[in-house]
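Structural overview
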Amino acid sequence: MNEKNLQVVLASRPAAAAGESDFRFVEAAVPDLREGDFLVRVDWLSLDPYMRGRMNEGKSYAARVELGEVMVGGAVGTVVSSRHGGFAEGDKVLGSFGWQRFAVSDGKGVMKLPDPRLPETVWLGAAGMPGITAWMGLGQVGSPRPGETVVVSAASGAVGSVAGQLAKIAGCRAVGIAGGAAKCEHAVKALGFDECIDYKAGPIDAALKAAAPGGVDVYFDNVGGAILDAVLRRVNTGARIPLCGLIAGYDGADIPIRNVFSLLVNRVRLQGFIVSDRMDLWPAAMRELAGHVAAGRIRYHETVAHGLENAPRAFLGMLRGENLGKQLVKVS
Ligand SMILES: NC(=O)c1ccc[n+]([C@@H]2O[C@H](COP(=O)([O-])OP(=O)(O)OC[C@H]3O[C@@H](n4cnc5c(N)ncnc54)[C@H](OP(=O)(O)O)[C@@H]3O)[C@@H](O)[C@H]2O)c1
């Protein structure tokens, strides 16, 4: 193939907040295919907070990216040539193809897009990994019952937006927490949250009391830190907290849980979970989420950066909250 591959590799490990200089662009030849491989042109790249953790030296639940290695990332692409029996030229595929224009795959962990009637980006968002995360955390750990109050942080984001809408589908009152009036308005008017609290407007205690007068039964936590502590002051006896993410601490900020007493006296179940631990549940989750999207019960918004050149900037912006909904890169 004459076309060159453009790749974004990890250039350095950030000491605190990640910056653009932590990434480097590399031009490489597109490798020849061996028997059993196929070549994917990456059309859409998903940018997700977990990638920040992969840039660090330390041990996490998933392997770090090594210096000079292509950044990891889920993507939707098109098979452009194939020596693999199961994938043919023109197939639309979903896989971990990384921050690059072309990827060679042997098919492991790759699936053809399950339902061509839906927009292909939905498999990176509401019916893909972020949506499955919301589905798994809420369903398996949150166990919401009709009439209960479910609070969701990062409510307008890829995971939070689905968690809130699933809470509504389960017959709950959904209260979002998000950064800024525009995101809160989006959460209520476009996504159907009953209320949304702007945590950037000041301490959230009074607003949370007003939005959840009967207390909080489920807190879907994407953030940690001061917001978790504020919610712990309002939880009911027997509350469940699916601990999904701690984005307030991803750049190295100290985010201790101060209200540990509340966990004890309210018999709270706080449980971390990782969506990739239960790959067996993904097909059912994708089917259900895709059904909700097709029926208009789950709505979603996307923020799109154009060109792989803009991926680092879009990624750093997403960590700072500049995205509304799912952050994507249109690569090709
Ligand atoms: N456990 C799992 O398996 C799993 C899987 C996927 C994602 N996650 C986690 O789920 C969370 C949401 O991921 P996502 O993909 O849906 O991202 P997202 O919500 O679309 O984007 C990240 C959002 O985090 C918010 N944020 C950033 N810094 C914050 C801070 N200091 N305090 C409060 N909010 C902050 C920003 O929204 P605001 O403007 O509202 O602050 C930003 O838009 C992340 O913590 C992620 O790591 C976990």
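The residue numbering used here restarts from 1 in each chain and proceeds along that chain's sequence as written. Reporting in this predicted model follows two pLDDT cut-offs: at least 70 for local features of residues, and 80 or more for side-chain atom pairs to be given and counted; totals over whole chains, interfaces and linings ignore these cut-offs and use all residues. In computing side-chain values, all of the structure's heavy atoms are included and hydrogens and water are not.

Taken together, the side chains of Phe261, Leu264 and Val265 present a nonpolar region at the surface, about 360 Å² in accessible area. For the purposes of this entry, the term helix denotes a DSSP run of H or I that reaches at least four residues, the term strand denotes a run of E that reaches at least two, and both are numbered from the N terminus. Inspection of the secondary structure assignment puts Val265 in helix H7 (residues 260–265). Distance thresholds for patches are 9 Å for like charges and 5 Å for nonpolar side chains (Val, Leu, Ile, Met, Phe, Trp, Tyr), applied to residues having over 30% relative accessible area and no salt bridge. Here the open area of atoms and residues is found with the Shrake-Rupley method and a 1.4 Å probe, where only the protein chains shown may cover a residue. Criterion for a salt bridge: a side-chain nitrogen of Lys or Arg within 4 Å of a carboxyl oxygen of Asp or Glu.

What follows is about helix H4 (residues 181–190). Throughout this description, buried means an accessible area under 20% of the type-specific maximum (1.4 Å probe, protein chains only), exposed means over 50%, and partly exposed covers the range between. Listing the buried residues of H4 in full gives Lys183, Cys184, His186 and Ala187. All buried residues of H4 project into a common sector of 160° when viewed along the axis, lining one side. Facing away from the buried surface of H4 by more than 90 degrees, the exposed residues are Ala181, Ala182 and Lys189. On its buried side, H4 packs onto strand S9 (173–178) and strand S10 (195–198). Of the residues flanking the end of H4, it is Gly192, one or two places downstream, whose phi is positive at about 90°. Within this analysis, the arc is defined by the directions that extend from the helix axis to the C-beta atoms. Any pair of residues with heavy atoms lying within 4.5 Å of one another is described as a contacting pair.

Near the ligand, the surroundings consist of 27 residues, among which Lys183, Tyr199, Tyr250, Val275 and Asn323 are the closest. Counting of polar contacts relies on pairs of N or O atoms within 3.5 Å, with two restrictions inside protein: one atom must be capable of donating a hydrogen and the other of accepting it, and residues adjacent in sequence are counted only when both atoms are side-chain atoms. Within the contact set of the ligand, an oxygen atom lies 2.9 Å away from a backbone nitrogen or oxygen of Ala158. Gly179 is positioned such that a nitrogen or oxygen atom in its backbone is 2.8 Å from an oxygen atom of the ligand. Elements with a minimum of two residues in the shell around the ligand: helix H2 (129–142), helix H3 (158–169) and helix H9 (311–319). Three classes are used: nonpolar for Ala, Val, Leu, Ile, Met, Phe, Trp, Tyr, Cys and Pro, charged for Asp, Glu, Lys and Arg, and polar for all others, with Gly counted as polar. Along the lines of polarity and charge, the residues of the shell around the ligand split into 18 nonpolar, eight polar and one charged. Domain start and end points were adopted from an automatic or database domain assignment. Of the domains in this structure, domain 1 (5–124 + 301–330) and domain 2 (129–276) are the two that each give at least three residues to the shell around the ligand. Nearness is judged by heavy atoms alone; a residue qualifies as near a molecule or strand once a single heavy atom is within 4 Å of it.

Right, let's get into the domain arrangement of the protein. Its domain assignment divides the protein into domain 1 (5–124 + 301–330) and domain 2 (129–276). Of note, the centres of domain 1 and domain 2, computed from C-alpha atoms alone, are 28 Å apart. If you look at the interface, domain 1 gives 18 residues, while domain 2 gives 12 residues. The term buried area refers to how much accessible surface (probe radius 1.4 Å) is lost by two components on association, counted for both of them together. For the pairing of domain 1 and domain 2, the buried interface totals around 1,100 Å² over both sides, and the portion due to carbon and sulfur atoms is 62%. When the shortest N-O distance is used, the salt bridge between Arg52 and Asp251 registers 2.7 Å.

Looking now at the packing of H2 against H3. Between H2 and H3, the shortest axis-to-axis distance is 8 Å and the interhelical angle comes to 45°. Classed by the angle they form, the pair H2 and H3 counts as oblique. At the point where H2 passes H3, the crossing takes the right-handed sense. Residues Pro130, Gly131, Thr133, Ala134, Trp135 and Leu138 of H2 form the contact with H3, whose own contacting residues are Ala158, Val159, Val162, Ala163, Leu166 and Ala167. Partitioning the contact of H2 with H3 into residue classes produces 10 nonpolar, two polar and no charged. The axes are straight lines fitted to the C-alpha atoms, using for helices just the contacting stretch, and the angles between their N-to-C directions are given from 0 to 180°. Each angle is binned into one of four classes, with values under 35 degrees roughly parallel, values over 145 roughly antiparallel, values of 65 to 115 roughly perpendicular, and all other values oblique. Handedness of each helix crossing follows the sense of rotation of the near helix against the far helix: counterclockwise by less than a right angle gives left-handed, clockwise gives right-handed.

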